[in-house]
Amino acid sequence: MEALLTAPASDYSPQMVALNKPGITDEAGWIARAQRSDARAFESLYRMHIDKVYGLCLRMTGIVAEAEDCAQETFIQAWNKLDRFRGDSAFATWLHRIAVNAVLGRMRKSKRERDRIQVATESSTAAASVADTGELRDLSDAVDKLPEGARHVFVLYAVYGYSHKEAGDMLGIAPGTSKAQLHRARRLLAQQLKEEGFVE
Amino acid sequence: MNDIDRDDKLISAASGLTTGISPERDLWPGIEQAIATPKRSRWTPMLAQAAAVVLLIGASSGITYFTMKEEPVVIQQFSAELRFEQTAFGAEQTLGSVYRGAQGDYRTDLDAELEKLSPEVRADIENNLALIKDAIAEINVALEKNPDNVLLQELLVRSYREQHTLLRRVGALTKHVMVRKDI
């Protein structure tokens, strides 16, 4: 709801205004309607969650075009699988799981990871860092330069607050592996930030 | 600052990174277009796939059964010049296992050797083999109607011989290419 209210005015469609009637503006209501193939309700869910989903995709891929594709794929898959959503987890978590799968699937298929590293190395302003300011921007840049496995775990655990078990489930790795990747990420980040003089 | 303090500070700082980032363009039109296609039942493609697999296995088994069941082509009469085929086709004057085995071996060699040839030469050889194969098929059809026709029998055997020779020659083609080692 918060994302919906902060969305630009141009994002609001007449249908969405119509949805702002009492009783049907809640997420559960939209989910129920979307499960009955109501595309307008699904659009409301999209508006509500797109920033978090896109942010996750962008932080995991580091490439704007890839992140856009992954975010779109996430919502298309969510629409197709919506009848299987039973509310066992939060809708956002369910979406994030699909988003992580979409990212992993795309990265497996394409060999753009090497290009991504090259782009990130060449440009000091990584795609995701534009959303951050000050020291956080430096950290964001450093995260973007991490190797794939370490970056994915760091983003899910440290940025999005998932546990090692949840991150491991999403990434298809054991919690122990997630811990090891986090340790690696921390070491590499500390090294990077130290080299650039951001930490002692 | 020790490693633990630094790590804690790092994780703490990372939790402050922005999690919600607005895409530069509205992604909804693309999604809307994609989901506009009516949902298909997830069982339909699976059932279709299963049916396709069953059909494929059935067809494959059927072909294998009829192929195995079919009697080999019987060469009832030979002219004097066809001694080679008489030997190659076995004592019973049929397309014997020796011939079939040799043909299989040549075919295997051929596939390996074709890889080494230029696309143009490869295409020529494949075309010639296809022509011979078509000729054999046509002669077999004619023989079904006139099984005692000696001319057709001879033509059939000659075609098999042509095929055999071509396979043998191509199979050995690149093995006998001379290489100069004095350069």
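Residues numbered from 1 in each chain as written. Chains lettered and ligands numbered in written order. Predicted model: local features only at pLDDT ≥ 70, side-chain atom pairs only at ≥ 80, totals over all residues.

A. Broad picture of the overall build of chain A. Along the backbone of chain A there are 11 helices and 0 strands. Element order for chain A, N to C, with α for helix and β for strand: α-α-α-α-α-α-α-α-α-α-α. Residue burial in chain A is summarised as follows: out of 200 residues, 41% are buried. Contacts spanning at least 24 positions in sequence make up 59% of the contacts within chain A whose residues lie at least 6 apart. (Helix = DSSP H or I, 4+ residues; strand = E, 2+ residues; numbered from the N terminus. Buried ≥ 20, exposed ≤ 12 C-beta atoms within 10 Å, placed from the backbone. Contact = placed C-beta atoms within 7 Å.)

B. Molecular detail of the nonpolar core. All names here are of chain A. Formed by 57 residues in total, the largest nonpolar core has its most connected members in C57, A71, A99, V153 and F154. Sort the elements by how many residues they give to this core and helix α4 (residues 39-61) lands first, with 12 residues. Structurally, this core is a two-domain feature, drawing no fewer than three residues from each of domain 1 (1-110) and domain 2 (132-200). (Core = buried A, V, L, I, M, F, W, Y, C linked by C-beta atoms within 7 Å. Domains from an automatic or database assignment.)

C. Molecular detail of the confidence of the model for chain A. Looking at chain A as a whole, the pLDDT averages 79, with 73% of positions reaching at least 70. Throughout residues 1-24 of chain A the model reports pLDDT below 50, and contacts reaching past four residues in sequence, or to other chains, amount to 20 contacts. (pLDDT = per-residue confidence, 0-100.)

D. Spatial organisation of the interface of chain A and chain B. Chain A puts 36 residues into the contact, and the matching count from chain B is 26 residues. Listing elements by their share of the side of chain A that touches chain B, those giving two or more residues are α4, α5 (64-81), α8 (135-144), α9 (148-159) and α11 (175-195) of chain A. For the side of chain A that touches chain B, the element with the most residues is α4(A), which contributes 9 residues. Considered class by class, the residues forming the side of chain A that touches chain B number 22 nonpolar, 6 polar and 8 charged. (Nonpolar A, V, L, I, M, F, W, Y, C, P; charged D, E, K, R; others polar.)

E. Geometry of unusual backbone geometry. Of note in the backbone geometry, A:S37 takes a positive phi value of approximately 70° without being a glycine. Within the fold, A:S37 resides in the loop between α3 (27-35) and α4.

F. Representation of α5(A) within the structure. Taking 1.5 Å per residue, 18 residues should reach 26 Å; α5(A) reaches 25 Å between its end C-alpha atoms and fits that length. Three or more residues of α5(A) are buried, namely A:E66, A:A67, A:C70, A:A71, A:Q72, A:E73, A:T74, A:F75, A:A78 and A:W79. (Expected span 1.5 Å × (residues − 1).)

G. Spatial organisation of the environment of A:H96. Residues and elements named next belong to chain A. Relative to the helices and strands, H96 is located in helix α6 (residues 91-109). Here H96 falls in the buried class, since 23 other C-beta atoms lie within 10 Å of it. For the pair H96 and Y160, spaced 64 residues apart in sequence, the C-alpha to C-alpha distance is 9.9 Å.

H. The packing of α8(A) against α11(A), seen in detail. All names here are of chain A. Running from N to C, α8 and α11 point in directions that differ by 125°, and their axes come no closer than 10 Å. Regarding the angle of α8 to α11, the classification is oblique. By crossing handedness, the relation of α8 to α11 is classed as right-handed. Two secondary-structure elements touch here, α8 through D138, A142 and V143 and α11 through L189, Q192 and L193. (Axes fitted to C-alpha atoms, helices over the stretch in contact; angles between N-to-C directions. Parallel < 35°, antiparallel > 145°, perpendicular 65-115°, else oblique. Left-handed = near helix turned anticlockwise from the far one by under 90°.)

I. Examining the environment of A:G55 more closely. Mapping A:G55 onto the fold places it in helix α4. Sequence separation of A:G55 and A:E68 is 13 residues, and the distance between their C-alpha atoms is 9.7 Å. Once residues lying within four places of it in the same chain are set aside, the contact partners of A:G55 are B:T18, B:T19, B:G20 and B:I21.

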